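What follows is the residue order along each chain.
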Amino acid sequence: MTNIISLNEAISKLENGMTIMVGGFIGCGAPNELLEEICRKEVNGLTLIANDTGILGDAMSQLIVQRCVSKLIATHIGTNKETGRQMSAGELVVKLVPQGTLVEQIRAAGAGLGGILTPTGIGTIVEDGKQKLVVNGIEYLLELPVRANVALLNAYKADKAGNLVYRRAARNFNPVMAMAADLVIAQVDNIVEIGEIDPDEVMTPGIFVDFLVQKQPREVTHVGQ
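Fair warning: this is a prediction, and the values are worked out from it, not measured in the lab. (Residues numbered from 1 in each chain as written. Predicted model: local features only at pLDDT ≥ 70, side-chain atom pairs only at ≥ 80, totals over all residues. Heavy atoms only, no water.)

To continue, consider the overall build of the protein chain. Per the secondary structure count, the protein chain includes 6 helices and 12 strands. Taking 225 residues into account, the globule formula puts the C-alpha radius of gyration at 17 Å, and the protein chain, at 18 Å, falls close to it. Taken over the C-alpha atoms alone, the protein chain extends approximately 60 × 45 × 35 Å along its principal axes. Counting contacts in the protein chain only where the partners sit at least 6 residues apart, residues at least 24 apart contribute 70% of the total. Summed over all atoms, the accessible surface of the protein chain reaches about 11000 Å², with 51% contributed by carbon and sulfur. Charge centroids of the protein chain, computed over 19 positive and 25 negative side chains, lie 3 Å from each other. (Helix = DSSP H or I, 4+ residues; strand = E, 2+ residues; numbered from the N terminus. Rg over C-alpha atoms; globule rule 2.2 N^0.38 Å. Contact = heavy atoms within 4.5 Å. Areas by Shrake-Rupley, 256 points an atom, 1.4 Å probe, with all protein chains shown as cover. Lys, Arg positive; Asp, Glu negative; His and termini not counted. Charge placed at Lys NZ, Arg CZ, Asp CG, Glu CD.)

Following this line, the structure appears as structure tokens:
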């Protein structure tokens with residue numbers, strides 16, 4: 001059985017200065033309630049590994065706006081101008097990584113590999129300081145595995161054993177991140193009994209998931225009310 005805990009309990013697992021991975025792609029598939037709680041608890045000094053830093057105003061962007069993050073490893077920052085401003089001002093360390101490379105670095109960590117070989121970045125500033133290898137006459141960069149202390153995920157459904165199902169494009173980075181962190185916390189829309197998820201539907205096995213947080217329904221305010 002995977003423990004089901006509150007938002008407050010989940011964020012108590014984080015400490016200042018930790019490295020965290022956060023699933024999502026420009027907000028889609030991001031664990032928004034967990035991110036909002038990080039900001040409320042003022043956890044800081046974090047190294048954030050994510051595809052991006054969201055769109056200014058969403059939950060992911062607030063990690064940057066409220067200065068919870070001191071170092072960022074991401075594939076792009078163009079949808080959050082505050083990230084770029086802090087980087088240019090020397091207030092935030094930013095390492096930009098080609099998207100496919102970052103995914104494979106995370107996957108390598110989860111699979112226990114020593115790294116990956118990729119031609120992406122050869123002949124550009126991406127190769128600075130990195131080892132290069134020639135295989136069958138082709139030059140590659142050796143990119144090392146990327147791992148985190150904690151992974152924060154978002155899933156559509158989980159059973160009480162922690163098996164996760166993602167919804168369409170909201171899957172994105174979540175499954176690979178589940179395999180590449182010491183502690184995995186999943187925010188979930190629906191938690192069901194063991195046996196209610198067809199094994200063929202499971203996208204992240206419960207063996208990788210330490211804690212589940214039940215997403216809370218939010219009141220929708222309609223125009224004119």
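Taken together, Phe25, Ile26 and Ile55 make up a surface patch of nonpolar side chains, about 230 Å² in accessible area. Locating Ile26 in the fold gives a position in the loop between strand 2 (19-22) and helix 2 (32-41). (Patch = residues over 30% accessible without salt bridge, like charges linked within 9 Å, V, L, I, M, F, W, Y side chains within 5 Å. Salt bridge = Lys/Arg side-chain N within 4 Å of Asp/Glu carboxyl O.)

Okay, the pattern of salt bridges next. Tallying each qualifying case throughout the model produces 11 salt bridges. One salt bridge connects Asp182 with Arg147, and the closest N-O pair in it is separated by 3.3 Å. Taken together, the positions of Asp182 in strand 11 (residues 181-192) and Arg147 in the loop between strand 8 (138-143) and strand 9 (148-159) put the pair 35 residues apart, joining distant regions of the chain. One connected set of salt bridges, linked through shared partners, spans Arg67, Glu82, Arg85 and Glu91.

This part takes up the nonpolar core. With 33 residues, the main nonpolar core has Ile20, Ile38, Leu48, Leu63, Leu152 and Ile185 as its most contacted residues. In this view, Leu152 contacts Ile20, Met21, Val22, Gly23, Pro31, Leu34, Leu35, Ile38, Asn174 and Ile185; residues no more than four positions away in its chain are not counted. Counting 26 residues, the second largest nonpolar core, distinct from the first, contains Val97, Ala148, Tyr166 and Val184. (Core = buried A, V, L, I, M, F, W, Y, C linked by side-chain atoms within 4.5 Å. Buried < 20%, exposed > 50% of the residue type's maximum accessible area, 1.4 Å probe, protein only.)

Further remarks concern the pairing of strand 2. Taken residue by residue, a regular strand's side chains alternate between the two faces of the sheet. Burial along strand 2 is two-sided: Thr19 and Met21 facing one way and Ile20 and Val22 facing the other are all buried. As judged from the 3 bridges shared by strand 2 and strand 3 (residues 46-49), these two strands associate in the parallel manner. Across the sheet, residue Met21 finds its bridge partner in strand 3, namely Ile49. In terms of handedness, the path from strand 2 via helix 2 over to strand 3 forms a crossover that is right-handed. Two elements, strand 2 and strand 9, share 3 bridges in a ladder whose sense is parallel. (Pairing = 2+ DSSP bridges. Right-handed = clockwise from strand over helix to strand, strands pointing away.)

Spatially, the 3 strands line up as an open sheet ordered 6-8-7, and their pairing is antiparallel. The sheet terminates laterally at strand 6 (116-118) and strand 7 (132-135), the two strands that pair on one side only. When the angles between neighbouring strand axes are averaged without regard to direction, this sheet yields 45°. Direction of pairing for strand 6 relative to strand 8: antiparallel, over a ladder of 3 bridges. Each residue of the ladder has a partner; that of Ile116, found in strand 8, is Glu143. Strand contacts of helix 5 (residues 99-111): strand 6 and strand 8, with the helix running at about 165° to strand 6, the strand carrying the most contacts. (Axes fitted to C-alpha atoms, helices over the stretch in contact; angles between N-to-C directions.)

What follows is about the side chain of Thr75. Residue placement: Thr75 occurs in the loop between strand 4 (69-74) and helix 4 (81-88). Of the polar contacts made by the side chain of Thr75, one reaches the side chain of Asn51; its length is 2.8 Å. (Polar contact = N/O pair within 3.5 Å; in protein donor to acceptor, adjacent residues only side chain to side chain.)

Attention now moves to helix 5. The end-to-end C-alpha separation of helix 5 is 18 Å, in line with the 18 Å expected for 13 residues at 1.5 Å each. Within helix 5, the full set of buried residues consists of Thr101, Leu102, Gln105, Ile106, Ala108 and Ala109. The arc enclosing the buried residues of helix 5, seen along the axis, measures out at 155°, which places them on a common side. Looking one or two residues past helix 5, Gly112 carries a phi angle of roughly 75°, positive in sign. (Expected span 1.5 Å × (residues − 1). Arc of directions from axis to C-beta.)

The subject of this paragraph is the environment of Leu48. Relative to the elements of secondary structure, Leu48 occurs in strand 3. Judged by its relative accessible area of 0%, Leu48 falls in the buried class. Along the primary structure Leu48 and Asp128 are separated by 80 residues, whereas in three dimensions their C-alpha atoms are 22 Å apart. Ignoring anything within four residues of it in the chain, the contact list for Leu48 reads Ile20, Val22, Thr53, Met60, Leu63, Val69, Lys71, Leu72 and Ile73.

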